[in-house]
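# Structural features, examined
The chain contents come next:
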Amino acid sequence: MRRPLLLLLGLLLLQQGRCFEFVIDGEWEDEMSDKRDHRERHKRAVLTSEEQEDFEAVRGDDITVKSYKVESRITSRFAHTTVRSSVVNSGSKAQSIAFNVQIPKRAFITNFTMNVNGIIFVGSVKEKTVARNLYTQARARGKAAGIVRANSQDMETFKTEVFVPPGSHIEFELHYQEMMQRKLGSYEHWLHLQPGRLVPQFQVDVYIFEPKGISSVQAVNSLGEQFAHLMKVTSSKDKAHVAFKPNLQQQRKCENCTDSAIDGVLSVKYDVARDSNAGELQVSDGHFVHFFAPSNLSPLPKNIVFVIDVSGSMWGVKMKQTVEAMHAILEDLTMDDYFSIIDFNHNVRCWSEDLVTGSSIQIEDAKQYIQNIKPNGGTNINEALMKAAHMLVKGTTQGLINARSVSMVILVSDGDPTVGEIKLSTIQKNVKRVMKEDFSLFSLGIGFDVDYDFLERIATENRGMAQRIYANHDAAEQLRAFYSQVSSPLLRRISVLFPEDSVSDVTQNTFDKYFQGSELVVAGKVLPSESGTLTSFTTAAAARLDITLETEGDVAALDTEMAKQQHSFPCFARQMWAYITVKQLISERSLAPSAAKKRRITQRIMTLAVEHQFVTPLTALLVESEDGTERMLADSPRDPKHGCCSVTFGGGPAPPPAETSLVYDAPEWVQISTPPPPHEAGKGPEDWTLPPKINLVDNDPHFIIHLLRGNMDVCFNIDSTPGHILNLVSDSGTGLVVNGLLVGSKQPHKSKLSTYFGAISVYYQPDGVAVTVATDRVDLTDGRSNHSFTWGATADITQDGVRVSIVKNSHVSVVVNDDIRVMVLLHRAWKKNPVSVDFLGVYIPNDNRYSPLVHGLIGQFSREPEVSVYDVHEGDDPLKKEATMEVKGNKLQVTRGWQKDYRRDKKRGSSVFCWFVHNSGKGFIDGHYTDYIVPNLSGFLRTL
């Protein structure tokens, strides 16, 4: 049986007579060759004894570990971790002292330094050709060291040993970096703590800085209850600190024990505050990072074909746990979902030849089918995947699959193909040929005998991802956890675009799907510009919605703020861009169709890794003494059993882009919200959406009705009760209704409680679409789906015949079939104001095309009444003339006054002079204002 794959450290000991030497641990693998014969594939289902041995951070006999300190600085989801240890050989003999660190598999080592009896070794990343030469020399002299990639779920082990005489003092320091991945609504930072002995100075510090704010943070303790009270978590709006500093007595397993009780993982779980669905655009150090993690959207329906390996190797615990997991997964399906199950060994069988709905009857039948499976025989992966793709194609042809649904194949297997087509490259080509652009493949490899690299390639190439399921852990829980990540797709066909000539070197910016609780990340370089802001435009398709979102980031503000932060990582944007780029290039390299393209990608990876100091499968870390006479070398060869990298979890990437810069012109719709040209600088966006003269309701609430024929404005107030819903427009002919919910001020002012509109609803009955604009959010519902947006970003949303445009913290425009427009204006009150509250204003054009049946407090004036005003004379207030108005057979005493139109200036408003009708518009409106109170926000007005 082969030894576990090693990430090798080579050492060249140049001088004889030194008082220490490095110990050989490991053997070289030719990672540059991708040709692996099927007969030579390594098969095993259990850990070797070497991998099961007890792990210790510092290993050696008769040594004194003076200190062990871990510090992580997480800034905007990017973590830089430093592990330091100080050790003395306190024995009477020379010996090997090992320094071991378990690091996340997704991390890149960026440096390793060591001070051995005053000889300091400092690291720098080089191309691997240098590593090969140095390793060969070191191997010839019999001196080397190594890093072991153990088959654990999330970690791999950095491992080095140094042979030193008694009394030697050694200081180790390892640095690594990684991007936090959001899963199921949070980020989790893992630190493996297993010192193996008592340490006088043991300390862990995790510092988090998130510019937009931290919504939650907690330290997850797996070390034991005795340490729970020692984990201190402090947090403020945008910073958090987790500290763990047990003293010697607290580290002991028992009161008089000499063994350490610290053995496990300390993880920090947190999430960030999000003020909009448009994402977060951060600019720092000449780079940008766009984070996109929308919520409050209804899930898209799913079409899933589960493809389950039931070959003989699945017998026992693997099958039992797969059945257990499938029972829970099937329970999650809804009536909107379609599914089927394929199980395969040397034959391929279908529980149902066609996709069926997720009804309770079908789910129970599927559970029973899975329960009765008896594993045996070989493994025919090729035919099983062909059948699954055919089933989805058939469902599309039959019209079962909703055009806005998400279709996926979930493959669960524990072995390589042994029956039918067994050549991996041919299977890969076959799968790519039959999987349509709308289908995704997710591969789950159970145990250690599966060819994970192959599963990862076919998944990545087909808009999915792969994940290893560890059979010696709780495989059922791992399967359920994976499914939870893909069970709620919220968006499809996501693109993050930028204006031309604003950015360059953009990472992947098109994504096939976005799943609830995850996050899509796009990074790049910012080009020089006179503008102080960078803008991104995100387009996506949701359930019955097409969405466009605009996000802005200040080019200089974050760097200014970072300079004030003591524990931030100032290079996060630059390193995150490089990290994402290298990960994507490694993935693209594994799928390269030609040797020439593979060479180009290889060179790009090496250039970036050297520039940003990442130890990758193609680079090495040269660690040398200050005088250059002694050297160590760390490299990271590709592991064919574990894959080269992981895909950022956003439902899988779009197909690999061409070798061009992923920068796009702003789409045409962007012009809606761009600043006006210089000669129109005095105008705001609303001037293009609504005519100058309109009907409106604003403030508490004041109505202004513009009469086109009479060229005059008539005003009236409505004094009602908080909680009442007033009908503004009710048109049973077109099926449109506009209603407003009244809210009260915090307390009476001069013995009067003012009322305002706190929510406005536009309901379009033919499509069943309701748009409810409140002071804190904008909701779209259609009876089946519910989507929510905040005021925190500019957005454009289209559903059927309804278009909603949100201008950040300003106003919302609702357009129905291009015939009817309603604009809702947001007014923010000072939070500490003892009286005022946030409220809304409503602006409705006169030229809306209603049916003859339209009515409502505003709708009725689409049929303009005859109005005459005469006998204008001085009133009690010399500044306000009085007159008589004849309208609808009534003679009303009116006062010349003014009200405010806030479209151009939300603070001061523009004065609109009008004739004011007293008594809540009595005589000017049909009936009494109480006739316009409706029971709910979607209610039509009863016939007056």
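Here the structure is shown first, and the text comes after it.
Only a predicted model underlies this, so the values are computations on that prediction, with no experimental measurement involved.

Across its full length, the protein holds 14 helices and 54 strands. Looking at the 944 residues of the protein, the share that counts as buried comes to 58%. Relative to all contacts within the protein whose residues are 6 or more apart in sequence, the contacts with residues 24 or more apart total 70%. Carbon and sulfur atoms form 49% of the exposed surface of the protein, whose accessible area is close to 38,200 Å².

What the rule picks out here adds up to two disulfides. The disulfide partner of Cys254 is Cys257, and the gap between their sulfur atoms is 1.8 Å. The sign of the S-S torsion, about 95°, decides the handedness of the disulfide formed by Cys254 and Cys257: right-handed. Two residues share a disulfide in this structure: Cys715 and Cys914, whose sulfurs sit 1.8 Å from each other.

Attention now moves to the packing of helix 4 (residues 317-331) against helix 9 (residues 475-486). Relative orientation of the contacting elements helix 4 and helix 9 amounts to 35°, with a least axis distance of 8 Å. In this structure, helix 4 crosses over helix 9, and the sense of that crossing is right-handed. Contacts between helix 4 and helix 9 involve Gln321, Thr322, Glu324, Ala325, Ala328 and Ile329 from the former and Ala475, Ala476, Leu479, Arg480 and Tyr483 from the latter. For the contact of helix 4 with helix 9, the class distribution of residues is seven nonpolar, two polar and two charged.

A few words on the sheet that holds strand 13 (residues 186-193). One open sheet holds the four strands; their spatial order is 12-13-18-15, and the pairing between them is antiparallel. Both edges of this open sheet fall to strand 12 (182-183) and strand 15 (214-221), since each of them pairs with a single strand only. Of the pairings in the sheet, the one linking strand 13 to strand 18 (residues 264-272) comprises seven bridges and is antiparallel in character. Pairing of His192 across the sheet is with Val265, part of strand 18.

Next up on the list: empty space enclosed by the protein. Tallying each qualifying case throughout the model produces ten cavities of 30 Å³ or more. Its volume calculated, the largest cavity comes out at about 80 Å³. Taken together, the residues that form the lining of the largest cavity break down as four nonpolar, two polar and six charged.

With that out of the way, let us pick up the nonpolar core. If you look at the biggest cluster of nonpolar residues, it comprises 85 residues, and the most contacted ones within it are Leu491 and Phe924. Membership of the second largest hydrophobic core comes to 57 residues, among which are Phe112, Tyr176, Leu193 and Tyr270.

Attention now goes to the environment of Met408. Looking at the element boundaries, Met408 is found in strand 25 (residues 406-413). On the basis of relative accessible area, Met408 is assigned to the buried category, the value being 0%. Discounting residues that sit within four places of it in the chain, Met408 has contacts with Asn303, Ile304, Val305, Leu392, Ser440, Phe442, Val486 and Phe515.

By secondary structure assignment, the location of Gln565 is in the loop between helix 10 (557-562) and helix 11 (572-590). The exposure class assigned to Gln565 is buried, which follows from its relative accessible area of 12%.

In contact at an axis separation of 10 Å, helix 4 and helix 5 (residues 360-371) are set at 170° when each is read in the N-to-C sense. Overall, the two elements helix 4 and helix 5 adopt an arrangement that is roughly antiparallel. Contacts between helix 4 and helix 5 involve Val323, Met326, His327, Leu330 and Glu331 from the first element and Ile363, Glu364, Ala366, Lys367, Ile370 and Gln371 from the second. Looking at side-chain class alone, the contact of helix 4 with helix 5 contains six nonpolar, two polar and three charged residues.

This structure, assessed with the given rule, holds 45 salt bridges. Note that Asp343 is salt-bridged to Arg349, the shortest N-O span being 2.9 Å. Asp343 sits in the buried class, given a relative accessible area of 2%.

Let us now look at the sheet that holds strand 31 (residues 520-526). An order of 19-20-31-29 is seen for the four strands of this open sheet, with the pairing classed as antiparallel. The two strands at the open ends of the sheet, each matched to only one other strand, are strand 19 (280-284) and strand 29 (503-504). Direction of pairing for strand 19 relative to strand 20 (residues 287-292): antiparallel, over a ladder of five bridges. In the strand pairing of strand 20, Val283 is matched with Phe288. Lying on the sheet, helix 11 is in contact with strand 19, strand 20 and strand 31; it crosses strand 20 at an angle near 70°.

If you trace the backbone, Gln799 turns up in strand 45 (residues 794-799). There is a polar contact of 2.8 Å between the side chain of Gln799 and the side chain of Asp782. The residues touching Gln799, leaving out its near neighbours within four places in the chain, are Arg544, Leu545, Val769, Leu780 and Asp782.

Right, let's get into the packing of aromatic side chains. Applying the stated rule across the entire model yields 23 aromatic pairs. For the pair Phe703 and Phe716, a centre-to-centre distance of 4.7 Å together with 10° between the ring planes defines the contact as stacked. With a gap of 13 residues between them, Phe703 in strand 37 (residues 702-707) and Phe716 in strand 38 (residues 712-717) connect regions that are remote in the sequence. Its relative accessible area of 0% is what places Phe703 among the buried residues. Each member of the aromatic cluster is reached from another via a ring pair, and the members are Phe78, Phe108, Phe569, Tyr579 and Phe614. For the cation-ring pair, Lys583 lies above Phe108, with the distance from its terminal atom to the ring centre recorded as 4.6 Å. Sitting over the face of the ring of Trp915, Arg896 holds its NZ or CZ atom 5.2 Å from the ring centroid.

We now examine helix 9. Note that an α-helix has 3.6 residues per turn; residues three or four places apart therefore point the same way. Taking 1.5 Å per residue as the helical rise, helix 9 with its twelve residues ought to reach 16 Å, and the 17 Å between its terminal C-alpha atoms agrees with that figure. Ala475, Ala476, Gln478, Leu479, Phe482, Tyr483, Gln485 and Val486 are the residues of helix 9 that are buried.

Its place among the elements puts Arg433 in helix 7 (residues 424-434). Residue classification places Arg433 among the exposed positions, given a relative accessible area of 57%. Sequence separation of Arg433 and Ala389 is 44 residues, and the distance between their C-alpha atoms is 9.8 Å. A polar contact is formed between the side chain of Arg433 and the side chain of Asn430, at a distance of 3.0 Å.

Before going further, it helps to examine unusual backbone geometry. In this structure, Asp285 takes a positive phi of about 55° despite not being glycine. The residue Asp285 is located in the loop between strand 19 and strand 20 in this model. A positive phi angle, close to 55°, is found at Asn296, a residue other than glycine. Secondary-structure assignment places Asn296 in the loop between strand 20 and strand 21 (302-309).

This part covers the pairing of strand 27 (residues 466-469). By the alternation rule, side chains of strand 27 split into Ala466 and Arg468 and Gln467 and Ile469, which are all buried. As judged from the four bridges shared by strand 26 (residues 439-446) and strand 27, these two strands associate in the parallel manner. By the bridge assignment, Leu444 is partnered in strand 27 with Gln467.

On to the environment of Arg821. Of note, Arg821 is situated in strand 48 (residues 820-827). Overall, the relative accessible area of 25% leaves Arg821 in the partly exposed class. Along the backbone, Arg821 and Ile844 are 23 residues apart, and their C-alpha atoms lie at a distance of 6.4 Å. A polar contact is formed between the side chain of Arg821 and the side chain of Asp847, at a distance of 3.4 Å.

In this section: the pairing of strand 18. Burial runs high along strand 18: eight of the nine residues are buried. Inspection of the sheet shows strand 15 paired to strand 18 by seven bridges, in the antiparallel sense. For Ser216, the partnering residue across the bridge sits in strand 18 and is Asp271.

The next thing to look at is helix 5. For helix 5, which comprises twelve residues, the first-to-last C-alpha distance of 16 Å matches the rise-based estimate of 16 Å (1.5 Å per residue) to within 8%. Among the structural elements, helix 4 and strand 22 (338-344) are those in contact with the buried residues of helix 5.

Calculation rules
- Residues numbered from 1 in each chain as written.
- Predicted model: local features only at pLDDT ≥ 70, side-chain atom pairs only at ≥ 80, totals over all residues.
- Heavy atoms only, no water.
- Helix = DSSP H or I, 4+ residues; strand = E, 2+ residues; numbered from the N terminus.
- Buried < 20%, exposed > 50% of the residue type's maximum accessible area, 1.4 Å probe, protein only.
- Contact = heavy atoms within 4.5 Å.
- Areas by Shrake-Rupley, 256 points an atom, 1.4 Å probe, with all protein chains shown as cover.
- Disulfide = S-S within 2.5 Å.
- Axes fitted to C-alpha atoms, helices over the stretch in contact; angles between N-to-C directions.
- Left-handed = near helix turned anticlockwise from the far one by under 90°.
- Nonpolar A, V, L, I, M, F, W, Y, C, P; charged D, E, K, R; others polar.
- Pairing = 2+ DSSP bridges.
- 1 Å grid on protein atoms, 1.4 Å probe; cavity = no way out; pocket = protein on both sides within 12 Å on 5 of 7 lines; lining within 4 Å.
- Points joined across faces, edges and corners; volume = space filled by probe spheres on them.
- Core = buried A, V, L, I, M, F, W, Y, C linked by side-chain atoms within 4.5 Å.
- Parallel < 35°, antiparallel > 145°, perpendicular 65-115°, else oblique.
- Salt bridge = Lys/Arg side-chain N within 4 Å of Asp/Glu carboxyl O.
- Polar contact = N/O pair within 3.5 Å; in protein donor to acceptor, adjacent residues only side chain to side chain.
- Phe/Tyr/Trp six-rings, centres within 6.5 Å; stacked < 30°, edge-to-face > 60°.
- Lys NZ or Arg CZ within 6 Å of the ring centre and 35° of its normal.
- Expected span 1.5 Å × (residues − 1).

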